[in-house]
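As a plain string of letters, each chain reads:
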Amino acid sequence: MAATRGGRSLSGYFLAGRSMSWAPVGASLFASNIGSGHFVGLAGTGAAGGIAVGGFEWSGMFIVLLLGWVFVPIYLRAGVSTMPEYLGRRFGGGRIRLYLALLSLGLYISTKISVDMYSGALFIREALGWDLYGSVGALLGVTALYTVTGGLTALMFADLVQTLIIIAGASVLAGYALGAVGGYQGLQERYPLALPPNSSGPCGRPRPDAFNLLRDPSTGDLPWPGLLLGLGIISAWYWCTDQVIVQRCLAGRSLTHVRAGCVVCGYLKVLPMFLMVLPGMAARVLFPDVIGCADPQGCSRACGSALGCSNVAYPRLVLSLLPPGLRGLMLAVVLAALMSSLASIFASSAALFTLDVYRKLRPGAGPKQLLMAGRLWVVAMVGLSLAWLPVVEAARGGQLFDYMQALASYLAPPVAAVFCLAVFVPRVNEP
């Protein structure tokens, strides 16, 4: 009922009436970030390359504090509802506001929504044998329904429950996976030996630096200068300027609650390394013929994808290690992560389209018309994301997390630079 009442106004629908306490804020920040793409993508990249990918998650521990202590106070003083609106007010022009809104919507479709859809459908296909597009359609339909009807209030309370489900279920599977390989010490001993049958040469061989978080600048796949310096730029863009994340903070009832929520999220960001990356590496030890396949023909036979099978690491653990009852729990965990992330993106994209694009096209539109435009845009996002799905399926050698980060790495730095200039250099304006 509270969610329904909150959805009757623009502030209630897009910002939960600015009434959320620290617990829903922190849980929603975490749940909005951790989608099914993280379960499938982090485990898959961990299986293929080792623990270095966990650095992407650990960088968020510190950047989210920067959000609460530096950026959110500025956004609150400006009285804005979206990030493009802040840039429009800060620089005094309308072009940059429209540009950032369109860029953000394009990124949501090409990375966040499509990747979450594909990874969730991949998990369901492995677990239940459903058709990929049928799985996606069912998931999107349910998620779009409660996003359209409930607004941000319903999403943030749902995120609070779903965060608990995600942590509990993923902890159970991590215990089973690490126990099956002899704990962390057993993983260190057995991972370098996880070779596919009939392998020869470097193809299919685990990286010798798999257990190094900071890797060589010249030979490492994730060199330490990029991890420490370049990743900070991407993290600042995502955690401090992205509408999906900042919208949760703008819904807080006070700055104190927002900062407490950021601290909670920072602690929760410690977990993905242990709940997703290490289990993915254990999957390669347990199923080297599938997860470690190195030739297109072998991969096609093993998982149906000639690009590689690392993405099936997490689903394969669930189906092979857990008893039937716990398999159902893990399916609920992945679906909870998927729906939390998708619903967050839908809500934020509706706010961006309605307040920064549609209102510019129809300046005289009233609140009811704006709410209807936001809800219809959610439906349009579903169709656009489905159309992009084949691109995701064919991208980046079968490693979803690499695809997400590669695309963001091209577009995040200029956006992060513009926001840093807006916040820290008062004399900069739009010509």
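These figures come from a predicted structure and were not determined experimentally.

Notes on the overall build of the protein
Here is step 1 of the chain: Regarding its fold elements, the protein presents 19 helices and zero strands.
Here is step 2 of the chain: Counting contacts in the protein only where the partners sit at least 6 residues apart, residues at least 24 apart contribute 80% of the total.
Here is step 3 of the chain: When the accessible surface of the protein is split by element, carbon and sulfur atoms take 66% of a total near 16,600 Å².

Here's the deal with the confidence of the model for the protein
Here is step 1 of the chain: Looking at the protein, pLDDT values average 82 and 88% of them are 70 or higher.
Here is step 2 of the chain: Element-level mean pLDDT values for the protein span from 41 in helix α1 (residues 2-6) up to 95 in helix α12 (residues 255-268).

Focus on the pattern of salt bridges
Here is step 1 of the chain: Going through the model one piece at a time under the given rule, you end up with five salt bridges.
Here is step 2 of the chain: The shortest N-O distance in the salt bridge between arginine 97 and aspartate 356 comes to 2.5 Å. Here the residue arginine 97 occupies a position in helix α7 (residues 95-128), and aspartate 356 occupies one in helix α17 (residues 324-361), the gap between them amounting to 259 residues.
Here is step 3 of the chain: Shared partners join several salt bridges into a network, and the residues in it are Arg207, Asp209 and Arg215.

Details of the nonpolar core
Here is step 1 of the chain: Judged by nonpolar contacts, the single largest core of 130 residues is most densely connected at Phe39, Leu67, Tyr75, Tyr86, Trp237, Tyr314 and Phe346.
Here is step 2 of the chain: When residues in this core are grouped by element, the largest group, 17 residues, is from α17.
Here is step 3 of the chain: Excluding anything up to four places from it in sequence, tyrosine 86 contacts Ile74, Tyr75, Ala78, Val80, Phe419, Ala422 and Val423.

Things to note about empty space enclosed by the protein
Here is step 1 of the chain: Applying the stated criterion across every chain yields a total of three cavities of 30 Å³ or more.
Here is step 2 of the chain: Looking at the second largest cavity, its volume works out to about 90 Å³.
Here is step 3 of the chain: Looking at the second largest cavity, it is lined by 14 residues, and the ones nearest its centre are Leu100, Ser104, Trp237, Thr241 and Asp242.
Here is step 4 of the chain: Of all the secondary structure elements, the ones that give two or more residues to the lining of the second largest cavity are α6 (83-91), α7, α10 (224-241) and α19 (400-424).
Here is step 5 of the chain: Tallied by class, residues from the lining of the second largest cavity come to ten nonpolar, three polar and one charged.

A word on the side chain of threonine 241
Here is step 1 of the chain: If you trace the backbone, threonine 241 turns up in helix α10.
Here is step 2 of the chain: In this structure the side chain of threonine 241 is engaged in a polar contact, spanning 2.6 Å, whose partner is the backbone oxygen of tryptophan 237.
Here is step 3 of the chain: The contacts of threonine 241, once residues within four sequence positions are left out, are Tyr75, Met83, Ala236, Val246, Val415 and Phe419.

Concerning the environment of alanine 337
Here is step 1 of the chain: You can see alanine 337 is positioned in helix α17.
Here is step 2 of the chain: Between the alpha carbons of alanine 337 and serine 32 there is a distance of 8.2 Å; along the sequence they are 305 residues apart.

Examining the packing of helix α11 (residues 243-250) against α17
Here is step 1 of the chain: With their axes 9 Å apart at the nearest point, α11 and α17 run at an angle of 85 degrees to one another. One way to sum up the angle between α11 and α17 is to call them roughly perpendicular. Here α11 contributes Gln243, Val244, Gln247 and Arg248 to the contact with α17, which in turn contributes Ser344, Ile345, Ala347, Ser348, Ala351 and Leu352.

Observations regarding the packing of aromatic side chains
Here is step 1 of the chain: This structure, assessed with the given rule, holds twelve aromatic pairs.
Here is step 2 of the chain: Seen in terms of ring centroids, phenylalanine 39 and tyrosine 314 are 5.3 Å apart; in terms of plane orientation they differ by 65 degrees. Their pairing is edge-to-face. Residue phenylalanine 39 is located in helix α4 (residues 36-49), and its partner tyrosine 314 is located in helix α16 (residues 313-321); the two are separated by 275 residues in the primary sequence.
Here is step 3 of the chain: Note on tyrosine 314: relative accessible area 1%, which makes it buried.

Looking at α12
Here is step 1 of the chain: In this model α12 runs 20 Å from its N-terminal to its C-terminal C-alpha over 14 residues, within 8% of the 20 Å that 1.5 Å per residue would give.
Here is step 2 of the chain: Of all the residues in α12, the buried ones are Val258, Gly261, Cys262, Cys265, Gly266 and Leu268. Angularly, the buried residues of α12 cover 160 degrees about the axis, an arc narrow enough to put them on a single face. Looking at α12, the residues exposed on the side facing more than 90 degrees away from the buried face are Thr256 and Tyr267.

Things to note about α6
Side chains of residues three or four places apart in an α-helix project in the same direction, reflecting 3.6 residues per turn.
Here is step 1 of the chain: Counted residue by residue, α6 has eight buried out of nine residues, so it is predominantly covered.
Here is step 2 of the chain: The N-capping residue of α6, defined by a side-chain oxygen 3.2 Å from the backbone nitrogen of glutamate 85, is threonine 82.
Here is step 3 of the chain: At the exit of α6 stands glycine 92, carrying a positive phi of roughly 75 degrees.

The rules behind these values
Residues numbered from 1 in each chain as written. Predicted model: local features only at pLDDT ≥ 70, side-chain atom pairs only at ≥ 80, totals over all residues. Heavy atoms only, no water. Helix = DSSP H or I, 4+ residues; strand = E, 2+ residues; numbered from the N terminus. Contact = heavy atoms within 4.5 Å. Areas by Shrake-Rupley, 256 points an atom, 1.4 Å probe, with all protein chains shown as cover. pLDDT = per-residue confidence, 0-100. Salt bridge = Lys/Arg side-chain N within 4 Å of Asp/Glu carboxyl O. Core = buried A, V, L, I, M, F, W, Y, C linked by side-chain atoms within 4.5 Å. Buried < 20%, exposed > 50% of the residue type's maximum accessible area, 1.4 Å probe, protein only. 1 Å grid on protein atoms, 1.4 Å probe; cavity = no way out; pocket = protein on both sides within 12 Å on 5 of 7 lines; lining within 4 Å. Points joined across faces, edges and corners; volume = space filled by probe spheres on them. Nonpolar A, V, L, I, M, F, W, Y, C, P; charged D, E, K, R; others polar. Polar contact = N/O pair within 3.5 Å; in protein donor to acceptor, adjacent residues only side chain to side chain. Axes fitted to C-alpha atoms, helices over the stretch in contact; angles between N-to-C directions. Parallel < 35°, antiparallel > 145°, perpendicular 65-115°, else oblique. Phe/Tyr/Trp six-rings, centres within 6.5 Å; stacked < 30°, edge-to-face > 60°. Expected span 1.5 Å × (residues − 1). Arc of directions from axis to C-beta.

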